Amino acid sequence: MKKLLSYSIVLFVLTIILLLIIPLPEAMVDVAIIINMSLSLMILIITMTIKDALEFSIFPSLLLITTLFRLGINVSTTRNILTSGGSSGKIIKAFGDFILQGNVVVGIVIYMIIVLMQFLVITKGAERVSEVAARFTLDAMPGKQMAIDADLNSGLIDEQEAKVRREKIQREADFYGSMDGATKIVKGDSVMSLITTAINLIGGSIIGIIQSGESIGTVLNTYSIATVGDGLVGQIPALLISVATGMIVTRAVSEGSLNEDISKQFMAQPVAIMISGIVIAVLSVIPGMPVPQLAIVSVGLVAGGFYLYRRMEREPQLALAGGGIGAPGSTTLRGYPSDEDSGREEEAPKPVSEEEFYKDVNNVYSLLSVEAIEMEFGYSLIPLVDESVGGRLINRIIIFRRQYAQDMGFVIPSIRLRDSSGLNTNQYCIKIKGEEVAKGELLIDYFLALEPENPEVEIDGIETIEPAYGIPSRWIRPEHREMAEIYGYTVIDPLSVLVTHLSEVVKQHAHELITRQEVIHLVENIKKTSPELVEEAFPNFISYSMLQKILTSLLKEGVPIKDLETIIETVLETVSDTGLPVKDVDGLIENIRTALKRTITRMYCEDGSMKVITLDSELERTMVGCLSKGERGYYLALSPDVLQSVINQLTGQLKKFNSLSQSPVVLTSQVMRVHFYRLIDQFYPNVRVLSFNEISNNVQIQSIGSLTLESRGRVGA
């Protein structure tokens, strides 16, 4: 029985096909018509109550099945009308009598109006919307994919959620592509309905006159009832399906069901409702207008709009009366994590005044503490932070902190979040160890649209620059979001802009945040799994200060320190086997980077290949000859002309990476790697310099540019 039920749709479609061949008695035709109307009503109601078009992703296939069912019924009814003297069931006769009302011409005119309304208005409109939606959805796919990749790279989402989002984008494209084709079925169904009507009326009348011998008037009356009735029982379900088609393709930016969206959006415009009521009242001055009816509608609109207006005024007052955050700059909003802070605040006695508090010298020392990371906000941005009003910044920071620890092996310190009266209401700033390193501005009621390289259309918005990557952008209203995505813009909500900026700043300054205490903590953590290694290394061969220098250098160049065991083992091997002086930290780091080559390769390898910029052999030989030894080791001394030439060439070559998803990489020999990195770090801190020893053997190196020694360059001592 269960197996039979699983094939119920297959059996239903086969039954529909049989309707095209096997004649049905009138009672069975009535049952089929009732089923057809019920299915059409169900589909229309579903399209109005769903919140997302993908919740009803079977609609294109269902549209084909219901159209085929309707055509099968039309064939059966046409067969019965032509062979049974214009009779094809009680439903068709009832509809025909009701519409005609004894007047054939008026009945046929009304029927034609219904058919043409469906064909020219609803079906044609739904077809056009489907075409545009399918094209724009496909055009917007690259931008949406980039937004997902950006969230994944910044740690805002994990790989599983990114996979779900990508699948949804693909399903949307497939759905709207299918809808584009499905609307052609609806259009063809409307044309077929007109053809069937003509066949029933003209063919039936000819057959009736020839075979029955009755008068022309009697025959026309009989077959017109059957024709109009048959057309209506087919067109009413078709009209419902056409409306459902238009409904599902025009609700691209809906946030809830149709009922919820209409209620919420209409009730949010009380002024428009009151103005409409006033305009309706003005119409009563026109002579002959029905004043009582106009007055009833006008009073209802004005009263309803006034009631909604007063309710909207009361709601913010109730929200404010429920409590909120103090004045800007008065207190710290939240610490991250905040459990310790809240505990101290509860235990500390409240001072009578600021002067009384600082009379105690010990309290003055509290002013000397410096937070590792701080974020300060203008007053308008507090809702993004305050959890009591739905702020989600702290949750997003937690996600980023966890993701960064998994990727880089370093735990980001606590982040202090404060409000500040020194900032504009929409501004925020990020501080590292008490000093401002970045600042930005957000409009929390807008979305940030990142411009594509060559935008086809410039959307309306407030021009700005994306704070994390410096991309030209625009702040746009929420209702313009879908259109911006269609035109290739990558649209980001304000909270994601803030978290992305914070994550990029933390990544750039991570090497400044790894303290001696954090190094000890990391070593104690590795001691749980490799106690012998730690006991051998510390303090005989490695000091905590030297390990801190190594980890700081690795983090500065974006190399993960998660594999701390390999790092310590490499230091031990280098010191004990080669007799390398402990103070030569650069040599130790190069050996460690070679040991971590699989990790480094994975970061910059894409599909088994790595695109790089190389150094010309003559330029590299010249640079090796310019190495000079100082008190702190070797350094690169180039003449200003050679340095300027190298930087200018590098600036041009880096543009080739703009269209690639890979980070810029310069490939050098191991001897020159660290020196070349220090040379360009002040100009391009985000460019990674790798040596051949740091790349796995199974990776294909693809050079997309080269730096050469120009003839006008001169080498300095």
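Here the structure is shown first, and the text comes after it.
Residues numbered from 1 in each chain as written. Predicted model: local features only at pLDDT ≥ 70, side-chain atom pairs only at ≥ 80, totals over all residues. Heavy atoms only, no water.

Counting its regular elements, the protein contains 28 helices and 15 strands. Within the protein, the proportion of its 717 residues that are buried is 42%. Across the protein, contacts joining residues at least 24 apart in sequence account for 75% of those joining residues at least 6 apart. (Helix = DSSP H or I, 4+ residues; strand = E, 2+ residues; numbered from the N terminus. Buried < 20%, exposed > 50% of the residue type's maximum accessible area, 1.4 Å probe, protein only. Contact = heavy atoms within 4.5 Å.)

Scanning the model with the defined rule gives 3 cavities of 30 Å³ or more in all. Around the largest cavity, the lining is made up of 10 residues, and of these Asn74, Ser193, Thr196, Asp230 and Gly231 lie nearest the centre. In terms of residue count, helix α8 (residues 216–250) provides more of the lining of the largest cavity than any other element does, 5 residues in total. By residue class, the composition of the lining of the largest cavity is no nonpolar, 9 polar and 1 charged. (1 Å grid on protein atoms, 1.4 Å probe; cavity = no way out; pocket = protein on both sides within 12 Å on 5 of 7 lines; lining within 4 Å. Points joined across faces, edges and corners; volume = space filled by probe spheres on them. Nonpolar A, V, L, I, M, F, W, Y, C, P; charged D, E, K, R; others polar.)

Moving on to helix α20 (residues 516–527). In this model, α20 (12 residues) spans 16 Å end to end at C-alpha, consistent with the 16 Å of a helix rising 1.5 Å per residue. Restricting attention to buried positions, one finds in α20 the residues Glu518, Val519, Leu522, Val523 and Ile526. Buried positions in α20, seen along its axis, are confined to an arc of 140 degrees and lie on one side of it. In α20, the exposed residues that point more than 90 degrees away from the buried face are Gln517 and His521. (Expected span 1.5 Å × (residues − 1). Arc of directions from axis to C-beta.)

What is expected of a backbone is that most residues other than glycine have negative phi and most peptide bonds are trans. A cis geometry characterises the amide bond from phenylalanine 538 onward to proline 539, with omega recorded as -5 degrees. Along the chain, the position of proline 539 falls in the loop between α21 (531–537) and α22 (544–556). You will see that lysine 433, though not glycine, has its phi angle at about 55 degrees, which is positive. Its location among the elements puts lysine 433 in the loop between β4 (427–432) and β5 (435–441). Unusually for a residue other than glycine, aspartate 607 sits at a positive phi of about 55 degrees. Tracing the backbone through its elements, the reader meets aspartate 607 in the loop between α25 (597–604) and β10 (609–615). On the accessibility criterion, aspartate 607 (78% relative accessible area) is exposed.

Judged by nonpolar contacts, the single largest core of 73 residues is most densely connected at Ile550 and Ile567. Ranked by the residues each element gives to this core, the list is headed by helix α18 (residues 494–508), at 7 residues. Excluding its chain neighbours within four sequence positions, the residues that come into contact with isoleucine 567 are Leu547, Ile550, Leu551, Leu554, Ile561, Ile592 and Leu596. With 23 residues, the next largest nonpolar core counts Leu615, Leu619, Val646 and Leu707 among its residues. (Core = buried A, V, L, I, M, F, W, Y, C linked by side-chain atoms within 4.5 Å.)

Turning our eyes to something else, we now look at the packing of aromatic side chains. On inspection of all chains with the given rule, the structure shows 2 aromatic pairs. Consider the rings of phenylalanine 538 and tyrosine 544, whose centres lie 4.8 Å apart with planes at 20 degrees: the pair is stacked. Judged by its relative accessible area of 9%, phenylalanine 538 is buried. In this structure tyrosine 544 comes out as partly exposed when scored by relative accessible area, which is 27%. Positioned above the aromatic ring of tyrosine 446 is the side chain of arginine 477, whose terminal nitrogen or guanidinium carbon lies 4.8 Å from the ring centre. (Phe/Tyr/Trp six-rings, centres within 6.5 Å; stacked < 30°, edge-to-face > 60°. Lys NZ or Arg CZ within 6 Å of the ring centre and 35° of its normal.)

Here 4 strands make up an open sheet; going across it, the order is β7-β8-β6-β9 and the pairing antiparallel. At either end of the open sheet lies a strand with only one pairing partner, and these are β7 (462–465) and β9 (490–492). Direction aside, neighbouring strands of the sheet carry axes that sit 35 degrees apart on average. One ladder, built from 4 bridges, connects strand β6 (residues 447–450) with strand β8 (residues 472–476); its direction is antiparallel. Across the sheet, the residue bridging to phenylalanine 447 is isoleucine 476, located in β8. (Pairing = 2+ DSSP bridges. Axes fitted to C-alpha atoms, helices over the stretch in contact; angles between N-to-C directions.)

Let us look at the packing of α20 against α22. α22 packs onto α20 with a crossing angle of 95 degrees between their chain directions and a minimal axis gap of 10 Å. Classed by the angle they form, the pair α20 and α22 counts as roughly perpendicular. Where α20 approaches α22, its residues Arg516, Val519, Ile520, Leu522, Val523 and Glu524 are matched on the opposing element by Tyr544, Ser545, Leu547, Gln548 and Leu551. (Parallel < 35°, antiparallel > 145°, perpendicular 65-115°, else oblique.)

This paragraph deals with a nonpolar patch on the surface. A cluster of nonpolar side chains, namely Val10, Leu11, Leu14, Ile17, Leu18, Ile21 and Ile22, defines an oily patch on the protein surface of about 610 Å² accessible area. Along the chain, isoleucine 22 falls in the loop between α2 (8–19) and α3 (26–49). (Patch = residues over 30% accessible without salt bridge, like charges linked within 9 Å, V, L, I, M, F, W, Y side chains within 5 Å. Areas by Shrake-Rupley, 256 points an atom, 1.4 Å probe, with all protein chains shown as cover. Salt bridge = Lys/Arg side-chain N within 4 Å of Asp/Glu carboxyl O.)

Along the chain, the position of glutamate 466 falls in the loop between β7 and β8. Buried within the structure, glutamate 466 lacks any salt-bridge partner; its nearest side chain of opposite charge belongs to arginine 396, at an N-O separation of 11 Å. A polar atom in the side chain of glutamate 466 sits 2.5 Å from the backbone nitrogen of tyrosine 469. With sequence-adjacent residues up to four places away left out, glutamate 466 is seen in contact with Leu448, Leu450, Ile471 and Ser473. (Lys, Arg positive; Asp, Glu negative; His and termini not counted. Polar contact = N/O pair within 3.5 Å; in protein donor to acceptor, adjacent residues only side chain to side chain.)

Bringing the pattern of salt bridges into the picture now. Throughout the structure, instances matching the rule amount to 18 salt bridges. Between lysine 556 and aspartate 681 there is a salt bridge, with its nearest N and O atoms 3.9 Å apart. Taken as a pair, lysine 556 in helix α22 and aspartate 681 in helix α28 (residues 670–681) lie far apart in primary sequence, 125 residues in all. Each of Glu557, Glu590, Arg593, Arg673 and Glu694 takes part in a single network of salt bridges with overlapping partners.

Everything listed here is a matter of coordinates, which is why it stays silent on function.
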